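Chains, contacts and geometry: an overview
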Amino acid sequence: MVGEQSKGAKPGSLLTVSKKSDISLDAIGFFAQISNFGKKKHSLLIEFKDKTIGTADPALVITGKGSEFKITALTDNGKKILQYVKGNFSFAEKVRYSKDTLSGIIPSQSKVITQEQIMKSRSHLDVMRSIVFAFKQLSESEDGVAGLYGMVGYDLADPTQQMDATENSYIMYFVDNAFVIDHTSKESSFVTTAIITDNSKSVYDIADKKIKWYEKLAEKKLAKMPKAKQKKAITSYDIEDTEYISAIKEIRKQIVHGSVIQLNPSRLVTIKVPAEPLSIYQETRSSTAGYSFYVSTEDSVFMGSQPSLQLTVSNNGEKEVSLTTISTARPRGYENGRIDLDLDAKKEVRIWADENEMIEHLITIDASRNIVSEIAKAGTCHVEKMFAIEKQDQYQYMYATVQGLLKDNYDALHALQVSLGISAGIPKQNAMSMLKSIERTKRGMFGGSFIHVHPDGTIKSMLLEPIQFKKDTLTFRTSVSVTHHGNYPTDMQKSQREEDTVLNFVMKAGAQR
């Protein structure tokens, strides 16, 4: 299957091997097939606007707690990658390597002041760089899936601050094989990667065998999704309503005094309920504006949809960074199962008529310009689109895009770093500082992003508020966008709607109120 493509391959090369499926795959159904209904550890399903990618057999996983990082090989390909990159970690301390793992410590940073100094500081992002940028795609292929996929937490916004040492602040997977569904052509493919780290030809056989494994599974009849036990959902919070409202009122005073322009305090919601996580995900994705993910890790399942911010860095000669802010998705104008153009237009007008939405849209555009200008070449930062409406099948939303050309000394992960933490508020550093005294629990993965970093230096990053499922317990955060023009009853209503949305997903998946 590899044939002539392998000519010219040398260590450090990635060669995409793909085969179109004769069977039209159902994303959820086939993912359930390969991942034991989403319960298999280290399985991922990512649904982008243009395609769906699913795998239950990534090559390796990278995690970080506090100043420590750990890379664990999950397959033979993962061991090959680890062997190939083990010399790339001279920036770290106490590096330990074995056939299956590589670990180390990020050196502590001296106190820094400017964003430029933060960007130059050593961080966990250097661990990712040392792996994904060590390889080069041998051939340009639209089917290629190789790269890092996973979640980076809120803590990575500032590497000079102490990260949580008890929970992972990021979980990244090097994916080298997947099934792919193209949303435009509706075609399905099985894709794997020959990872060339030496002169051995066995990597091509491994790639071919993986394709055949996918083909064999695709021929099997899909099993029915298991149903969860019917039990009542029990909800609790880390901050109760009275204290939360009091904090919102105090924040508004700080805004009047000029400490911040906008602040997004959040609280942790915990729901005790037995559930099938993939069934819950199946409900959440129906509300998505074109992006969603499901990741089963060592001890938890994370899922998310409806991004509020999307970062991309493309590499077409010059590296172009785009930062898109997205408003809350609203329903399309359906009548009797079809789009009614008049009703759809009326629903769109309601977006324009929402004064708070319009004000926040302007605030986020200005914040996006500040972020992009920090990493873009002088004179290239500009607003590409503003007050634009995107219409998906079920939902529509307002968005704005700011673009610029990335500075020569920055890469895609620098762009990611400067965009992290924007969920705290505006300006970012002041907002993050204020939230430390308001929020009872650390945000961790909440307020971070789901990302895909490609070896060619490109990135897709989506700021999503994930839902975590662990031992019959769902946790997620609801936030309030506090500005000078808002009021706390309206703010709390929005927070309650976010909570009710997740509860409805859980109910539809089988639980009881």
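We now turn to the structure provided with this report. (Residues numbered from 1 in each chain as written. Predicted model: local features only at pLDDT ≥ 70, side-chain atom pairs only at ≥ 80, totals over all residues. Heavy atoms only, no water.)

Before going further, it helps to examine the environment of L14. With respect to the helices, strands and loops of the structure, L14 is situated in strand β1 (residues 13-20). For L14, a relative accessible area of 0% translates into the label buried. Counting along the chain gives 479 residues from L14 to Q493, while the straight-line C-alpha distance between them is 50 Å. (Helix = DSSP H or I, 4+ residues; strand = E, 2+ residues; numbered from the N terminus. Buried < 20%, exposed > 50% of the residue type's maximum accessible area, 1.4 Å probe, protein only.)

Contact pair helix α1 (residues 27-35) / helix α5 (residues 202-218): the axes reach a minimum separation of 10 Å and the direction vectors enclose 115°. The orientation of α1 with respect to α5, classified from their angle, is roughly perpendicular. As α1 runs across α5, the sense of the crossing is right-handed. Residues F30, Q33 and I34 of α1 touch α5, and the partners they reach there are W213, Y214, L217 and A218. Of the residues that constitute the contact of α1 with α5, the class distribution is six nonpolar, one polar and no charged. (Axes fitted to C-alpha atoms, helices over the stretch in contact; angles between N-to-C directions. Parallel < 35°, antiparallel > 145°, perpendicular 65-115°, else oblique. Left-handed = near helix turned anticlockwise from the far one by under 90°. Contact = heavy atoms within 4.5 Å. Nonpolar A, V, L, I, M, F, W, Y, C, P; charged D, E, K, R; others polar.)

Together, L362, V383 and M386 make up an exposed nonpolar region whose accessible area comes to about 230 Å². Mapping L362 onto the fold places it in helix α9 (residues 355-375). A relative accessible area of 46% means that L362 is categorised as partly exposed. (Patch = residues over 30% accessible without salt bridge, like charges linked within 9 Å, V, L, I, M, F, W, Y side chains within 5 Å. Areas by Shrake-Rupley, 256 points an atom, 1.4 Å probe, with all protein chains shown as cover. Salt bridge = Lys/Arg side-chain N within 4 Å of Asp/Glu carboxyl O.)

Let's shift gears to the packing of aromatic side chains. All told, the structure shown has 14 aromatic pairs when counted by the stated rule. Considering the side-chain rings of F30 and F190, the 6.0 Å spacing of their centres and the 40° angle between planes classify their relative orientation as tilted. One end of the pair, F30, is in helix α1; the other, F190, is in strand β12 (residues 188-196), with 160 residues separating them in the sequence. As far as the burial class goes, F30 and F190 line up, both buried. With centroids separated by 5.0 Å and ring planes inclined at 70°, the aromatic side chains of W213 and Y214 adopt a geometry described as edge-to-face. (Phe/Tyr/Trp six-rings, centres within 6.5 Å; stacked < 30°, edge-to-face > 60°.)

A few words now on the sheet that holds strand β11 (residues 177-182). Strands sit in the order β8-β1-β12-β11-β3-β2-β16-β17-β28-β29-β15-β13 across an open sheet of 12 strands; the sheet is mixed. Lying at the two open borders of the sheet, with one neighbouring strand each, are β8 (136-137) and β13 (234-237). Across four bridges, strand β3 (residues 51-55) lies against β11 in antiparallel orientation. Looking at the pairing, G54 lines up with F179 of β11. Across the sheet, α1 touches β2 (43-47), β3, β11, β12 and β16 (292-296), and the angle it forms with β2 is around 170°. Running at roughly 160° to β12, α5 makes contact with β1, β3, β11 and β12 of the sheet. (Pairing = 2+ DSSP bridges.)

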